[in-house]
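Tertiary structure, described
Listed below, chain by chain, are the residues.
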Amino acid sequence: MNHVERRDAQMAYISDESIFEEQAVCRKKLQKLNFMDRSDFDGLGEAVKDLLGKSEGAFINPPFYCDYGSHIEVGRNFFANYNCMILDVAKVKIGDNCQMAPNVAIYTAGHPVHPVTRNSAYEYGREVTIGDNVWLGGNTVICPGVHIGDNVVIGAGSVVTKDIPDWSIAAGNPCRVIRKITDADKRKLFRDEEIDNEAWADICDRMEF
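Let me begin by describing the structure that accompanies this report. Sequence order sets the numbering: in each chain, residues are counted from 1 along the sequence as written. Where local features are concerned, this predicted model is filtered to residues with pLDDT of at least 70; where side-chain atom pairs are given and counted, the filter is 80 or more; whole-chain, interface and lining totals use all residues. With hydrogens and water set aside, each side-chain value is computed from the structure's full complement of heavy atoms.

A word on a negative patch on the surface. A surface patch of negative charge is lined by Asp-37, Asp-40, Asp-42 and Glu-46. Here a helix means four or more residues in a row that DSSP labels H or I, a strand means two or more in a row labelled E, and each is numbered from the N terminus. With respect to the element layout, Asp-40 can be found in the loop between helix 2 (17–35) and helix 3 (41–52). Each residue gets one of three labels from its accessible area relative to the maximum for its type: buried under 20%, exposed over 50%, partly exposed in between, using a 1.4 Å probe on protein chains only. Taking the relative accessible area as the measure of exposure, Asp-40 reaches 33% and is therefore partly exposed. Patch building starts from residues that exceed 30% relative accessible area and form no salt bridge, then joins like charges within 9 Å and nonpolar side chains (Val, Leu, Ile, Met, Phe, Trp, Tyr) within 5 Å. Throughout, the Shrake-Rupley method with a 1.4 Å probe supplies accessible areas, and for residues the shown protein chains are the sole cover considered. By salt bridge we mean one thing: a side-chain nitrogen of Lys or Arg within 4 Å of a carboxyl oxygen of Asp or Glu. For this count, His and the chain ends are skipped, Lys and Arg are scored as positive, and Asp and Glu as negative. Charge positions come from single atoms, namely NZ of Lys, CZ of Arg, CG of Asp or CD of Glu.

Quick look at the pairing of strand 18 (residues 168–171) now. With burial as the criterion, only one face of strand 18 is covered, namely that bearing Ser-168 and Ala-170; the residues Ile-169 and Ala-171 on the opposite face remain uncovered. When strand 16 (residues 153–154) meets strand 18, the two strands line up parallel, connected through 2 bridges. In the strand pairing of strand 18, Ile-154 is matched with Ala-170. A pair of strands is considered paired only if DSSP assigns at least 2 bridges between the two. In the sheet, strand 18 pairs with strand 19 (residues 176–180) via 4 bridges, with the strands oriented antiparallel. Bridging from a neighbouring strand, Ser-168 pairs with Lys-180 of strand 19. Between strand 18 and strand 19, which pair antiparallel in sequence order, lie 4 residues; one of them, Gly-172, sits at a positive phi of approximately 110°.

Our focus in this paragraph is helix 2. Helices are assigned an expected span. That span is 1.5 Å times one less than the residue count. In a regular helix each residue adds 1.5 Å, so 19 residues correspond to 27 Å; helix 2 covers 26 Å between its end C-alpha atoms and thus fits that length. All of the buried residues in helix 2 are Ile-19, Gln-23, Cys-26, Leu-30, Leu-33 and Asn-34. Projection of helix 2 onto a plane perpendicular to its axis shows the buried side chains occupying an angular sector of 80°, all on one side. Turned more than 90 degrees from where helix 2 packs its buried face, Glu-17, Glu-21, Lys-28, Lys-32 and Phe-35 sit exposed. Directions from the helix axis toward the C-beta atoms define the arc.

Further remarks concern the pattern of salt bridges. For the structure shown, the criterion picks out 10 salt bridges. For Glu-22, the salt bridge is made with Arg-7, and the minimal N-O distance between the two is 2.7 Å. In this pair, Glu-22 sits in helix 2 while Arg-7 sits in helix 1 (residues 3–8), placing the two residues 15 residues apart along the sequence. Take Glu-22: its relative accessible area is 30%, and that puts it in the partly exposed class. Among the residues examined, Arg-7 registers a relative accessible area of 2% and is labelled buried. Through salt bridges with shared partners, a single ionic network connects Arg-179, Asp-185, Lys-188 and Asp-192.

We define a nonpolar core as any set of buried Ala, Val, Leu, Ile, Met, Phe, Trp, Tyr and Cys residues linked to one another through side-chain atoms lying within 4.5 Å. With 42 residues, the main nonpolar core has Phe-64, Met-100, Ile-106, Ile-130 and Ile-148 as its most contacted residues. Here this core gets 5 residues from one element, more than from any other, and that element is helix 3. The next biggest cluster of nonpolar side chains, apart from the first, holds 5 residues, and it includes Tyr-13, Ile-19, Tyr-68 and Val-89.

Listed below in structure tokens is the structure:
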């Protein structure tokens, strides 16, 4: 097997010339995205689509960083705020209606623990999956191999090292489930503060619960 095949099979691999060639394609696309007019929202949207491929309504506030782009699969209405980083050595699958606050980092890349083995230049990637309707708070770090369920909120500053189940609020370092999200949360805005009557009436008219 060549090293591209080994990487894509989530086996130990070396970043050789064939790997660098793929990364070079991505870096040219990132150069365009990260240095274009920030007020050109349509242009930014097209640059994101070129980088990620199939996407519907995806938008990223630059700067944004990744290794390949083509290993990132996002659902409808994906949004990533400033300074998001996705090291997509392995596949990163993100569902519909997901939001990422500033400085979110998703890592699929890893290295051997023992220094002699690590100095051999072999590394690896482990897939990360994120379900639908997930909100990652600012400065959240998602570690290799983590799977996050649907309808999850991850608190700011969390380091997610283990899987998080559906309908959870989780936070901390390491990240732990704090509680489940329930119908009692529908009208909550910030902590125990409720959404005002005018906005709540609009939400009830437009959304399905």
